[in-house]
Protein chains: 2
Amino acid sequence: MNKLQEYLNSHEPSEVHPSDIAKILKQLDDSKFADALKLVPRDLIGDVALALPDRYFDDVVGNLSVDELRHAVTELESDDQVDFMHELVEVDVNIASEVFETLDDEDKKEITRLQTYDDEEAGAYMQLEVFTADKDEVVHDVIKRFGELRKAKTIENIQNLFIVSSDKKLRFTVGLDDLLVFDFDKTLLENIEQSEDSFEPKKAQDRESIKDVVHYFEEYDLSVMPVVNAYGILLGRITSDDIYDIINEQATEQMYNLAGLDDEAEEDDEIYKAGKKRASWLSLNLFTAIFASLVIGLFADTLESMVALAVLMPIVASMGGNAGTQSLTVVVRQLALGDISQGDALRIIKKEVAISLMNGIFFAIIMGIVAAIWFDMKMLGVVIALSMVINLLMAGFFGAAIPLFLKKMDIDPAIGSAVILTTVTDVVGFFSFLALATIILF
Amino acid sequence: MNKLQEYLNSHEPSEVHPSDIAKILKQLDDSKFADALKLVPRDLIGDVALALPDRYFDDVVGNLSVDELRHAVTELESDDQVDFMHELVEVDVNIASEVFETLDDEDKKEITRLQTYDDEEAGAYMQLEVFTADKDEVVHDVIKRFGELRKAKTIENIQNLFIVSSDKKLRFTVGLDDLLVFDFDKTLLENIEQSEDSFEPKKAQDRESIKDVVHYFEEYDLSVMPVVNAYGILLGRITSDDIYDIINEQATEQMYNLAGLDDEAEEDDEIYKAGKKRASWLSLNLFTAIFASLVIGLFADTLESMVALAVLMPIVASMGGNAGTQSLTVVVRQLALGDISQGDALRIIKKEVAISLMNGIFFAIIMGIVAAIWFDMKMLGVVIALSMVINLLMAGFFGAAIPLFLKKMDIDPAIGSAVILTTVTDVVGFFSFLALATIILF
């Protein structure tokens, strides 16, 4: 008997979770995957498809009819509906538009509305299902209504009640823990006025940067946040599970950008797409590597008369590149986490320069001794030691200064900073070493 | 008038938030910082200190008496108490033990217990304040008791009721949204038995890896998770705000490890500590760079008779290093996010080799033409083109294989993989280029 069947048999319907199903499906090969998919409860197909890595979406769509796809969409929460339709469009535009046409008007309207938001905007991450009440509603009635909405599965995972005025503007946020201790016979407003607690909503604007919203969640330890438009009208809510995903995505983006990768192209299963994006960054690197070689070429005569220089020169560049990458990574990450503010720039540069000077001197002494003994030439040791100090110092300075400068210019400090840095450390490394050799040794 | 005063005057006490205060304090210089700290409401001092970057902790402690510190600790939740005491020990062991002695026995016991957990264990992140009830308690009484506990500020930010048996074992988790729709006149168990929903708790074990717990939160879209010990006895809970921090910390650790940085040393304000840790990684890099130079040294005669080789050779190594870092970063990150499973190894290696072959051929052609024209020597173009293909192919293979292998060996794939990779790409780059040159050009 297969694993999925086993899982479904051993769990109550209410305990079956899409993530568990996705985990089992991931381990199957293509032929078994199709069979197993047939066993998945139809209500959960949408959630299962979204819980699988993107590359499985093809297989899911290929094994479902348009009607099954429609049903899968209707069972999803609004933000997941948008994600599902987005994936579906990527797989097959025709099927996607067929599915979209069969949806009811409200779903269509909601999806269309959410699709107007850009990936960077808070609105793109909200779900429209919220639990609202009027300030003059009696608590008892609110709770009764809540029970009905829950039974109808119109709303799920509710932690807050949003109190809106008649023009749908958000007035207060009441946690269910607050609601539970309210006087049930009084209206919401009466309870709020009697309480010492604050019900002032911490809210996000739909067009606000999602990065800022993530910072609110982190700083204020929130698990839900209402989203309003420019007029203060309640549109939806963002929940903690969205925030987990966004924090992960942002970190992935930073790591990828530092390494010259495009996160969206890499997610795709198409090798050609990812390869092309990587090539564009490698082109830039080739260009700067050729530039560094031109610098080496300036000293062709020196190199010709002492081959030891050619042997040693990559060491200076490599140490500078690595030390610089250390500084760069720390500064990029701390900028992203908000641990460095604008006023800190000088402090950070000083710190990075101090560390790189310390390490520069340390490795200069070691490498100076190694080179002097290796090639039995004291002054060669002096040359490599001096160029090591110079290059690590530059590495520390530029490793800190480049991301700080990019940030100041409102450019993402993770993009391109690595390539600028290694250009600096390569050029300074080769130039300082070969120039000092030309002056001191000849 | 200073900014903090302004903020405090313009907000109701219930609306004043530690994070807002921390944000204002961060912008002040040392002398103003001390004055401003005096204005911070004493109940919030602990939270404010924890919301500030670590380097401010010194200043906070320096401006508070032992009694004020004690008060700050008592106002914190248990997990924050541990963090606070941890920071305090770092600043001054004597003050820390003085403060600890003045705490009441329960706080002492809780802190001591939480301190037994390792950083990697779920228990280290839990708070002990939970809202529990017996299965036979009538809902109405539970709610009444909840109101009293909230008034006494014994518990805050509650989203769940944990139902425990008389031996304190966790039986069910009931969301406040469930509780609200329960029949208030019946017992909890009666309500649970009548409901179609599942109240089976998704729980973490205190000695379980915190990484696994984070994955549960992400997969099951949780905002709270109870923590039990090996016997199933309820100990505490982990909340979404902890998860935000942990996801961020884990991503920082990965980025830092990839760049040869130690996250704990970097958090510290001491330059010497961070510098020493960085130096240990740079030492390894120096060692491998010298090894690469030894490889170059094998071809001293070839280099002496054609200086063009010395000029071009860093390009091959640099392109290999960068292409390899791209593969490495993708694989390390996807392993961390759980998007690559063990069975995927072959697929991933194939994919990375395919991309690097594609880009290898592309850049080989470009660089071959450039080199042939630059030094007016067709065969030199052939040599660099061939070595470029070889090195990028190796880069793709090892960029994927190294982290997959480390993961299989249960070693963190982010640690050390970059230095192994660049050793490979340097050595293969220099060797293939110079060996091919020796064979083809002479």
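Every value quoted in this text rests on a predicted model; they were computed, and no experiment measured them.

Cut-offs and rules
- Residues numbered from 1 in each chain as written.
- Chains lettered and ligands numbered in written order.
- Predicted model: local features only at pLDDT ≥ 70, side-chain atom pairs only at ≥ 80, totals over all residues.
- Heavy atoms only, no water.
- Buried < 20%, exposed > 50% of the residue type's maximum accessible area, 1.4 Å probe, protein only.
- Helix = DSSP H or I, 4+ residues; strand = E, 2+ residues; numbered from the N terminus.
- Pairing = 2+ DSSP bridges.
- Contact = heavy atoms within 4.5 Å.
- Buried area = accessible area lost by both parts, 1.4 Å probe.
- Salt bridge = Lys/Arg side-chain N within 4 Å of Asp/Glu carboxyl O.
- Polar contact = N/O pair within 3.5 Å; in protein donor to acceptor, adjacent residues only side chain to side chain.
- Nonpolar A, V, L, I, M, F, W, Y, C, P; charged D, E, K, R; others polar.
- Least-squares fit on C-alpha atoms with pLDDT ≥ 70 in both.
- UniProt positions renumbered as here; feature names shortened; annotations may be inferred.
- Axes fitted to C-alpha atoms, helices over the stretch in contact; angles between N-to-C directions.
- Core = buried A, V, L, I, M, F, W, Y, C linked by side-chain atoms within 4.5 Å.

Moving on, we get to the pairing of strand 2 (residues 160-164) of chain A. Residues and elements named next belong to chain A. For strand 2, the tally of buried residues reaches 5 of 5 residues, placing the bulk of the element in the interior. Side chains Asn160, Phe162 and Val164 of strand 2 all project onto a buried face; the interleaved residues Leu161 and Ile163 project onto the opposite face, where all are buried too. Across 3 bridges, strand 1 (residues 132-134) lies against strand 2 in parallel orientation. Within strand 2, the position partnered with Ala133 by the bridge is Ile163.

Taken together, the contact between chain A and chain B spans 108 residues of the former and 108 residues of the latter. Between chain A and chain B, roughly 9600 Å² of surface is buried when both sides are summed, and carbon and sulfur atoms account for 63% of that area. In this assembly, chain A and chain B are joined by 12 salt bridges. Applying the counting criterion to the chain A and chain B interface returns 42 residue pairs in polar contact (both at pLDDT 80 or more). Sorting elements by how many residues they give to the side of chain A that touches chain B places helix 18 (residues 307-337) of chain A first, with 19 residues. Tallied by class, residues from the side of chain A that touches chain B come to 54 nonpolar, 27 polar and 27 charged.

In this section: the environment of A:Arg145. Residues and elements named next belong to chain A. With respect to the helices and strands, Arg145 occurs in helix 10 (residues 139-151). On the basis of relative accessibility, which here comes to 27%, the residue Arg145 falls in the partly exposed class. Separated by 37 residues in the primary sequence, Arg145 and Lys108 place their C-alpha atoms 26 Å from one another. Beyond its immediate chain neighbours, meaning those up to four positions away, Arg145 contacts Phe131, Thr132, Ala133 and Glu137.

Attention shifts here to the relation of the copies chain A and chain B. With an axial shift of 0.0 Å and an RMSD of 0.1 Å, the rotation relating chain A to chain B amounts to 180°. This pairing of chains is accounted for by a two-fold axis. Take the interface residues of chain A: 100% of them recur as interface residues in chain B, which is what a same-surface contact looks like.

Moving on to the UniProt feature "domain: CBS" (unreviewed entry) in chain A. Within this numbering scheme, the UniProt entry marks residues 197-253 of chain A as carrying the feature "domain: CBS" (unreviewed entry). Helix makes up 42% of residues 197-253 of chain A and strand 23%. Its end C-alpha atoms lie 39 Å apart.

All names here are of chain B. Taken in spatial order, the 3 strands make up an open sheet running 1-2-3, and their pairing is mixed. For this open sheet the edge positions go to strand 1 (132-134) and strand 3 (170-175), each flanked by a neighbour on one side alone. Direction aside, the axes of adjacent strands within the sheet are offset by 30° on average.

Another aspect to go through is the sheet that holds strand 5 (residues 224-228) of chain A. Residue and element names in this part refer to chain A. Taking strand neighbours across the sheet as the criterion, the 3 strands line up as 4-5-6 in an open arrangement whose pairing is mixed. A single partner strand is all that each edge strand has here, and the edge strands are strand 4 (204-205) and strand 6 (234-239). Looking at chain direction, strand 5 and strand 6 are connected through 5 bridges and run antiparallel. In the strand pairing of strand 6, Val224 is matched with Thr239.

In this section: the nonpolar core. Grouped together as the largest cluster of nonpolar side chains are 112 residues, with contacts concentrated most on A:Ile21, A:Leu25, A:Ile238, B:Ile21, B:Leu25 and B:Ile238. Once you skip the residues sitting within four places of it in the chain, B:Ile21 turns out to touch B:Leu4, B:Tyr7, B:Leu8, B:Val16, B:Val40, B:Pro41, B:Leu44 and B:Val48. Of all hydrophobic cores here, the second largest spans 90 residues; its members include A:Val295, A:Val316, B:Met367 and B:Ala395.

It is worth spelling out the pattern of salt bridges at this point. Inspection of the entire model under this criterion finds 32 salt bridges over all chains. Measuring nitrogen to oxygen at the nearest pair gives 2.8 Å for the salt bridge that ties A:Glu121 to A:Arg207. Residue A:Glu121 is found in the loop between helix 9 (105-115) and strand 1, and its partner A:Arg207 is found in the loop between strand 4 and helix 13 (210-219); the two are separated by 86 residues along the sequence. What makes A:Arg207 partly exposed here is its relative accessible area of 44%. B:Lys38 is paired through a salt bridge with B:Asp35; the nearest N and O atoms lie 3.6 Å apart. In this pair, B:Lys38 and B:Asp35 are both assigned in helix 3 (residues 30-39), 3 residues apart and thus about one turn of the helix distant. Looking at B:Asp35, the relative accessible area reads 47%, which means it is partly exposed. By sharing partners, the salt bridges in this structure join A:Arg150, B:Asp177, B:Asp178 and B:Asp197 into a single network.

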